[in-house]
Amino acid sequence: MRLQLFLPCAGGVEAWLAEEAMSLLGPDTHGTIERGGIALSGDARAVMVLNLESRLAQRVLVRLARGPYRQEDDLYALARQVRWPDWMSPAQTFKVDVTAQRSPLRSLNFAGLRIKDALCDAMREAAGQRPSVDTRHPDVRVMLHLTEQDATVYIDTSGEPLFKRGWREDKGDAPLKETLAAAMLAAAGWRGTPQAGGALLDPCCGSGTIAIEAAQIACGIAPGLKRRFAFEHLAPFAGPPARAQWQALRQAARSRIHPPAVPVFASDVAFRMVDFARRNAQRAGVADAIEFHGGDALERPAPRLSEGLARTLMLNPPYGERIEARGSVARSAEQTGLADDFYPRLAAHWKRHFGGWTAWVLSPEMKLPSRMRLKEARRIPMWNGPIECRLFRFDLVSGSMRGEAQPPAAR
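(A) Just the sheet that holds strand β5 (residues 93-100), in detail. The eight strands are arranged β2-β3-β1-β4-β8-β7-β5-β6 in an open sheet whose pairing can be described as mixed. Each edge of the sheet is formed by a strand with only one pairing partner; in this case those strands are β2 (31-34) and β6 (132-133). Bridge count for β5 against strand β7 (residues 140-146) is seven bridges, and the pairing is parallel. The residue of β7 that forms the bridge with V96 is V142. In this fold helix α2 (residues 44-53) packs onto β1 (3-8), β3 (37-42) and β4 (61-68), with an angle of close to 15 degrees to the strand it touches most, β1.

Okay, structure coming up:
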């Protein structure tokens, strides 16, 4: 059975998601890059593989129907085209979520109700009874996406968003989503090998997202190994052959786990966050693959590494709306001033102690390079939720700020 799939992702990540999908499904994978995700065709196995292995997709959606609309009754007619008994039974619960871009409809809630009515009417005609709605923990999630003229009905095969890897229980004030951390690593070309990125350090690790994601990559751990998925409740995946295939995919993923080929380091000024990160790493299966430390990013020296090993700094430092520089939510102009002083001091520290490293910094501050007195090698557009950011690359050279002597590079 060929399925039309859509994989949403964070803005700016579409090209890396397309590359990832081809690496997971094979070079003959056909699809298109769209705004906010990629569309491709695949079978039931592709759905399983993408849910289990994709680090960049937010969900794996199956497109059930698409067509033009002008009013809510058009949505009802569109949803009645779907063979709902092929996907679920009346005993299962469901929920309809609605997203829209420039839709002329006045009420998205009413649009969702029309999809619900169509599903229930179709199931009653086919099976003699209708399923129930559960808005909190449904067995089946149906999604309606509206543009100005077209409507698309999807069924969600993921359930919980894919950034929920199943290991994060301890988190700080503004945790980075795992999918965005993976996107930063993909954009940097960091693959967890000596040839692709080398050693990695996050000096503002918070609850450990970047370091844990990196360590899982370095150890070959599939991101979905510790969680369940909505497709396990859907009819096309419920038969013995599909269940056996799913178990084989999970076993193959477990067999690929290996010790890391490169070291991963993480530190944070808040010792409470370091404790959180350690516990999260333990649940993620990478506690032994990350070396954690407490300490201010403005003071902590570079780790000692073997000669010739590539060195990568990767960080999502505190900023503006997200978080204030010392780890508490920004509340005043005075506190914001602390954040403003953070970047030039960080750059000065890097110039003294991190010569030869490549730094990647995610920030919404478009003038960050001039504030740090560093020349960026690249700037990549990337969205952190609603915040438009850039992922800056800095190739660090031993030296100092203007007017200061140049100390030797740290070893």
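Now, onward.
(B) Geometry of the environment of W16. Within the secondary structure, W16 sits in helix α1 (residues 14-25). With 242 residues separating them along the chain, W16 and H258 place their C-alpha atoms 24 Å apart. Apart from the residues within four sequence positions on either side, W16 is in contact with L56, A186, A187, I380 and M382.

(C) Molecular detail of helix α4 (residues 108-127). For α4, with 20 residues, the first-to-last C-alpha span of 29 Å sits near the 28 Å given by 1.5 Å per residue. Turning to α4, its buried residues number three or more, namely A111, G112, R114, I115, K116, A118, L119, C120, A122 and M123. N-capping of α4 is provided by S107, with a side-chain oxygen placed 3.5 Å from the backbone N of N109. Just downstream of α4 lies G128, where phi reads positive at about 85 degrees.

(D) Layout of the sheet that holds strand β12 (residues 311-315). Taken together, seven strands build an open sheet; the order of strands is β11-β10-β9-β12-β13-β15-β14 and the sheet is mixed. Each having just a single partner strand, β11 (290-294) and β14 (378-384) make up the two edges of the open sheet. Each neighbouring strand pair of the sheet contributes to a mean axis angle of 20 degrees, computed without reference to strand direction. Pairing analysis gives seven bridges linking β14 to strand β15 (residues 387-395), with the strands arranged antiparallel.

(E) View of the packing of aromatic side chains. Counted according to the given criterion, the structure contains eight aromatic pairs. Judged by centre distance (5.8 Å) and plane angle (85 degrees), the ring pair of F229 and W246 falls under edge-to-face. On the criterion of sequence distance, the pair formed by F229 in the loop between α6 (209-219) and α7 (240-255) and W246 in helix α7 is long-range, its members being 17 residues apart. F229 gets classed as buried once you look at its relative accessible area, which sits at 3%. Judged by its relative accessible area of 5%, W246 falls in the buried class. Where F354 meets W357, the ring centres are 5.3 Å apart and the plane angle is 70 degrees; that geometry is what we call edge-to-face. Every member of this aromatic cluster is reached through a ring pair, and the members are F229, F231, F237 and W246.

(F) Inspection of the nonpolar core at higher detail. Counting residues in hydrophobic clusters, the biggest one holds 127 residues, and the most contacted among them are V286, I290, W350 and M382. For this core, the element with the highest residue contribution is helix α5 (residues 178-187), accounting for eight residues. Of all hydrophobic cores here, the second largest spans five residues; its members include F6, A39, L61 and Y154.

(G) Structural detail: the pairing of β12. A large share of β12 lies buried, amounting to five of its five residues. Note: strand β9 (residues 199-202) against β12, three bridges, orientation parallel. Within the sheet, the bridge partner assigned to L201 lies in β12 and is L313. Here four bridges tie β12 to strand β13 (residues 358-363), and the two strands are oriented parallel to one another. Paired with L313 across the strands is A359, a residue of β13.

(H) Seen up close, unusual backbone geometry. In this structure, R102 takes a positive phi of about 60 degrees despite not being glycine. Here R102 shows up in the loop between β5 and α4. The class of R102 is exposed, set by a relative accessible area of 60%. Within the chain, R373 stands out as a residue other than glycine whose phi angle is a positive 60 degrees.

(I) Fine view of the state of the cysteines. Inspection of the entire model under this criterion finds zero disulfides. Between C389, a cysteine without a disulfide, and C204, which holds the nearest cysteine sulfur, the sulfur-to-sulfur distance is 14 Å.

(J) Representation of the pattern of salt bridges within the structure. The final tally for this structure, using the stated rule, is 22 salt bridges. In this structure, R114 engages D73 in a salt bridge whose closest nitrogen and oxygen atoms are separated by 3.3 Å. Placement of R114 in helix α4 and of D73 in helix α3 (residues 72-80) is noted, with a sequence separation of 41 residues between them. D73 gets classed as partly exposed once you look at its relative accessible area, which sits at 45%. Here D341 makes a salt bridge to R345, at a shortest N to O gap of 3.4 Å. Here the residue D341 and the residue R345 both occupy positions in helix α9 (residues 333-353), the gap between them amounting to four residues, near one helical turn.

(K) Region of interest: the pairing of β3. A large share of β3 lies buried, amounting to five of its six residues. Of the pairings in the sheet, the one linking β1 to β3 comprises six bridges and is antiparallel in character. From the neighbouring strand, P8 faces β3, where its bridge partner is G37. Two elements, β2 and β3, share four bridges in a ladder whose sense is antiparallel. Each bridged residue has a counterpart across the sheet, and for T32 the counterpart in β3 is A39. Where β2 hands over to β3, the hairpin turn is made up of two residues, of which G36 adopts a positive phi near 85 degrees.

How each quantity is defined
Residues numbered from 1 in each chain as written. Predicted model: local features only at pLDDT ≥ 70, side-chain atom pairs only at ≥ 80, totals over all residues. Heavy atoms only, no water. Pairing = 2+ DSSP bridges. Helix = DSSP H or I, 4+ residues; strand = E, 2+ residues; numbered from the N terminus. Contact = heavy atoms within 4.5 Å. Axes fitted to C-alpha atoms, helices over the stretch in contact; angles between N-to-C directions. Expected span 1.5 Å × (residues − 1). Buried < 20%, exposed > 50% of the residue type's maximum accessible area, 1.4 Å probe, protein only. Polar contact = N/O pair within 3.5 Å; in protein donor to acceptor, adjacent residues only side chain to side chain. Phe/Tyr/Trp six-rings, centres within 6.5 Å; stacked < 30°, edge-to-face > 60°. Core = buried A, V, L, I, M, F, W, Y, C linked by side-chain atoms within 4.5 Å. Disulfide = S-S within 2.5 Å. Salt bridge = Lys/Arg side-chain N within 4 Å of Asp/Glu carboxyl O.

Remember that the coordinates give geometry; whether it matters functionally is a separate question.
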